[in-house]
Amino acid sequence: MTENHRTARPSRLRALPPWSLVAAGIATGGLLGGAYGVLTPPTYTATSYVMAVPTDRSDTVSALGFAQAYGRVATQLAVLGDAQMWAGVPVNTLRDSVRSATSPDAPMVSISAVSARRADAADMANAVARALIQHANETKADTHVELLQFSRATKPSAPSSASTKVTGLVGASAGGLLGALALLVRPRRRPEEEVVRPASVPGPAVAADAHRSL
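The shown structure was predicted, so the numbers you read here are calculated from the model rather than taken from an experiment. (Residues numbered from 1 in each chain as written. Predicted model: local features only at pLDDT ≥ 70, side-chain atom pairs only at ≥ 80, totals over all residues. Heavy atoms only, no water.)

For strand E3 (residues 108–115), the buried fraction is high: 7 of the 8 residues fall into the buried class. Here strand E1 (residues 44–54) runs beside E3; their pairing, made up of 8 bridges, is antiparallel. For Val50, the partnering residue across the bridge sits in E3 and is Val109. Relative to E3, strand E2 (residues 98–102) runs antiparallel, the two sharing 5 bridges. Counted as the bridge partner of Arg99 is Ser112 from E3. (Buried < 20%, exposed > 50% of the residue type's maximum accessible area, 1.4 Å probe, protein only. Helix = DSSP H or I, 4+ residues; strand = E, 2+ residues; numbered from the N terminus. Pairing = 2+ DSSP bridges.)

Structure follows, in structure tokens:
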């Protein structure tokens, strides 16, 4: 490859207007983000809630503490192994799809399941909640805390995954940012590449006048 070929690409980059890199990044990122939103199937999230209730020999503080503990064991194998019978899916699917969360102020556990099908998401959340209640109430004589179903999961009406418009906007924003970064590191015009203006030469009449003056 000759020296002219090696320097042609940087020269073309320096010749581009500054805004072209940002515009190209926005366009490319928007197209890629939109394509991701179109090609990726939507997912749905359903959530079931269970509540820890103290018995006559306990109090709300104990119930809050046990709710935190039950939230941590909700996604353990012992609970998921029983839940698979009611959910109709393998344990591995439950492990990948189900998440639990607790509140520091309320003795409540939320169990959320994500699936590409609305009905499966609701079934998995309710199955894990049912299994957790069963495990917790087997020891309520010792813990003096009972788990109750507070709210069953229902089929979600809308997907929880980002829409094509959102993924397109995110892609365009990321592309614009990358374009701006590329603009900062773009090769700048070197001094030797600047256009050198030729020195002015006196015309014939000016030269003749200067000769007569001598």
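A separate point is the environment of Gly65. Topologically, Gly65 is positioned in helix H3 (residues 60–73). As for Gly65 and Ala106, which are separated by 41 residues in sequence, their C-alpha atoms are 9.7 Å apart.

Time to look at the environment of Thr139. Among the structural elements, Thr139 can be located in the loop between helix H6 (118–137) and helix H7 (140–143). Overall, the relative accessible area of 34% leaves Thr139 in the partly exposed class. Within the local environment of Thr139, its side chain forms a polar contact with the backbone oxygen of Ala136, the two atoms lying 3.1 Å apart. (Polar contact = N/O pair within 3.5 Å; in protein donor to acceptor, adjacent residues only side chain to side chain.)

With that settled, the discussion passes to the environment of Thr93. Locating Thr93 in the fold gives a position in helix H5 (residues 91–97). The exposure class of Thr93 is partly exposed, given its relative accessible area of 30%. Taking the C-alpha atoms as reference points, Thr93 and Leu80, 13 residues apart in sequence, are found 9.7 Å from one another.

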